[in-house]
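# Understanding the architecture of this molecule
As a plain string of letters, each chain reads:
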Amino acid sequence: MECGWKPDEQGLQQILQLLKESQSPDTSTQRSVQQRLEQLNQYPDFNNYLIFVLTKLKSEDEPTRSLSGLILKNNVKAHYQNFPNGVSEFIKSECLENIGDSSPLIRATVGILITTIASKGELQNWPELLPKLCLLLDSEDYNTCEGAFGALQKICEDSAEILDSDMLDRPLNIMIPKFLQFFKHSSPKIRSHAIACVNQFIISRTQALMLHIDPFIENLFALAGDEEPEVRKNVCRALVMLLEVRMDRLLPHMHNIIQYMLQRTQDQDENVALEACEFWLTLAEQPVCKEVLCGHLSQLTPVLINGMKYSEIDIILLKGDIEEDEAIPDNEQDIRPRFHRSRTVAQQHEGNGIEEEEDDDDDLDDDDTISDWNLRKCSAAALDVLANVFRENLLLHILPLLKELLFHQEWVVKESGILVLGAIAEGCMQGMIPYLPELIPHLVQCLSDKKALVRSITCWTLSRYAHWVVSQPPDSYLKPLMTELLKRILDSNKRVQEAACSAFATLEEEACTELVPYLTFILDTLVFAFSKYQHKNLLILYDAIGTLADSVGHHLNKPEYIQMLMPPLIQKWNQLKDEDKDLFPLLECLSSVATALQDGFLPYCEPVYQRCVNLVQKTLAQAILYQSQPDQYEAPDKDFMIVALDLLSGLAEGLGGSIEQLVARSNILTLMYQCMQDKMPEVRQSSFALLGDLTKACFQHVKSCIADFMPILGTNLNPELISVCNNATWAIGEISIQMGPEMQPYISMVLHQLVEIINRPNTPKTLLENTAITIGRLGYVCPQEVAPMLQQFIRPWCTSLRNIRDNEEKDSAFRGICTMISVNPGGVVQDFIFFCDAVASWVNPKDDLRDMFYKILHGFKNQVGEENWRRFSDQFPLPLKERLAAFYGV
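Residues numbered from 1 in each chain as written. Predicted model: local features only at pLDDT ≥ 70, side-chain atom pairs only at ≥ 80, totals over all residues. Heavy atoms only, no water.

Our focus in this paragraph is the overall build of the protein chain. Each helix and strand counted, the protein chain has 50 helices and two strands in total. With respect to the principal axes defined by its C-alpha atoms, the protein chain has extents near 100 × 70 × 65 Å. Counting across all 890 residues of the protein chain, residues that qualify as buried make up 57%. For the protein chain, contacts bridging at least 24 residues in sequence account for 75% of all contacts bridging at least 6. Carbon together with sulfur atoms contributes 51% to the accessible area of the protein chain, which is approximately 39100 Å² in total. (Helix = DSSP H or I, 4+ residues; strand = E, 2+ residues; numbered from the N terminus. Buried < 20%, exposed > 50% of the residue type's maximum accessible area, 1.4 Å probe, protein only. Contact = heavy atoms within 4.5 Å. Areas by Shrake-Rupley, 256 points an atom, 1.4 Å probe, with all protein chains shown as cover.)

Written out as structure tokens, the structure is:
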């Protein structure tokens, strides 16, 4: 295109007018500006006008020029591939000529424009870009150098992967040494850009950087004391990443680095301190942490503890001076989206309820409304992980400080002490036990402190010690703690209500049936909170009620409790519309309540059942509309369907056979057939859980669909999607028990996948257990089909079931294994010791099952003869030998 492009004066005025109007606060003006911009995009040279305003029209004010560039950037994002050749060339050359504009705002806008063009795959088609920018770094003119560096930093952030690939002839081999030269530049802004550019390539272990790792680290050390906070921040960030990537290079200097990071964690500039504080979090995850840090704990501990105090700005942002705010409605933007955790079927283990594989979510999220991550949270998180590394050794340094903090006159200091106590709870629990008898009552007193922020942190800290509280006689600590915590649930401060509700949910999980004597008292409080809470805390209240139901189970099924609890829940249920996301936590809560109340839920089940079926039907219908005409219809939010399927599972589990009438009168099985084939894994996961529960509750209605369902179950035995696979496996086992020998035609659809899964390394425990149970159940109903494969699964089968409790599922699975052994005894010979161990894991097998075990053990012993059996059983660990002798006389 000839460079003589000149804007038409009238066109230019029109565009300037538009740019002026688009800065108006009025929304209708904004809307009409949007429409006019869309229309102007029809003209090929509209973008020439925009770049002209940005780079040439110096008479205009800077905000207008910058805005013109930002509109151009959006056009590049949306339509760059349609720009005529001449236009894109004109824009590129204008950008490179004006990267050194004297205005920082215009330079930054040009930089953003350059990196947007580059990230549209244009690094390949703009070969002169990188060489030109690198050349401009050497310019005598500060603005040019700074502008070029700004653009390079954005390109390194956006296109790090392409820069380090063969597509571009490895430009980093030149760029990285070039950047390193600027670490010593006289301008702090430029030093900061230089480090930021190189930092983009640490985590990916980019070859070009690894070649220069020593000069890079030396240069970082040289900048350690830089007077510019932004430079210090980037130095800290680099060192934190190097810990993960090149520990070998840092180790020789580790003593000095730790001393440096101790200083930086106390930096006057909070952003620098936060970056430095990440160092301790990252170091704690490294194997060398113990040896390199143990000598510095006495210095580090007070620094971290000091960082755990609220800053003045935190208190302002948290409205820490407003004590009573319960009557102020919530700001809807503050309510975080909740994620529904779909049902996963799991086995119970010896000694405790269902084992959770995920970590508890009681992390340090006590003040989630401030800019999410700050020095306080980072310091607390670091103390938490270090407590897990050093345990009692860390406690030695903390205890002397704690006394002073916990009884301090200033509430901010006292509050930080209570946070410290909570942060170390997990790692230092053993060492803390001697102090808990006096600490817990002190904390329970702090629950009525006059400062709301002290009350709320105390709730959290106490919840971290709930396990210990519950292990003591209930009158000593549980009762006083519960009494005070229930008062805090009705606090006049919303943050305290929230913290108390969450803490109470943790206490419920730990205490389980210990809470039964206090149920009237607990329900009184929770039901009263219904009338008191604003929107956000209501959602947490549902969770506390659901957890209560999970914890006390059928003890909740008493007319007086049902009378208290159900009316407010049903009232909310009736208020909420089908498209209201508040249905999620309410449905989850009702699911737990229905399972706990069992037949006590009967009076409420019909409307609840109907609505769930409706939600599933509506969502499926919306999905079909969206698939056929995506431009006409919105995509449905499938969470509604998932939560509804899970509540139906809860009803089936709680009501058992009583759900039969409802199923008979609805089209739920047709809907489930569609859900089982949904693209979204969570939908399939929940529909398989429901299939298993309906199979147990009313198989007469499921049976006619089995021929359609089984092939779908077979294709979902893919262990990459653990929860889908787990629930499908469980459902197959439940179906086989109901089908009996009629299961025969379907065995071949599922058996090979199940055997493959049980032999797969690193399969999660829950999936292994369910797979073993289902293989056992298939063998129980169709031994002739399954027994020939015995040798391929017997060993992992035995090891995965030895740790689960005696129950119906384990019983049917072991009957299956015994039946298969009688069909194919040779299949178990090589792994017989594993079978012996699995048999010994039973505490009270039913008499006929015990007889089966007896016959197999004695049959084997008689087959090999006394002498061989003695040699064989000498390999047994002693407890196993004794158990088998005592129970089965072998």
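Alright, that's what it looks like, and here's the rest.
This next bit is on the environment of Asp141. Topologically, Asp141 is positioned in the loop between helix H7 (129-136) and helix H8 (142-158). On the basis of relative accessible area, Asp141 is assigned to the partly exposed category, the value being 35%. For Asp141 and Gly100, which are 41 residues apart along the polypeptide, the C-alpha to C-alpha distance reads 8.1 Å.

Glancing now at the nonpolar core. The biggest cluster of nonpolar side chains holds 318 residues, and the ones touching the most others in it are Trp280 and Phe601. Element by element, the count of residues in this core is highest for helix H35 (residues 639-655), at eleven residues. Dropping the residues within four chain positions of it, Phe601 is found in contact with Met566, Leu590, Val593, Ala594, Val608, Leu651 and Leu655. (Core = buried A, V, L, I, M, F, W, Y, C linked by side-chain atoms within 4.5 Å.)

What follows is about the environment of Asn388. Following the sequence through the fold, Asn388 ends up in helix H21 (residues 375-390). When its relative accessible area of 25% is taken as the criterion, Asn388 is described as partly exposed. Along the backbone, Asn388 and Met672 are 284 residues apart, and their C-alpha atoms lie at a distance of 46 Å. With sequence-adjacent residues up to four places away left out, Asn388 is seen in contact with Glu426 and Gly427. Engagement of the side chain of Asn388 in a polar contact is seen with the backbone oxygen of Asp384, the distance being 3.2 Å. (Polar contact = N/O pair within 3.5 Å; in protein donor to acceptor, adjacent residues only side chain to side chain.)

A cluster of nonpolar side chains, Leu625, Tyr626 and Tyr633, forms an exposed patch at the surface whose accessible area comes to about 230 Å². A relative accessible area of 33% means that Tyr626 is categorised as partly exposed. (Patch = residues over 30% accessible without salt bridge, like charges linked within 9 Å, V, L, I, M, F, W, Y side chains within 5 Å. Salt bridge = Lys/Arg side-chain N within 4 Å of Asp/Glu carboxyl O.)

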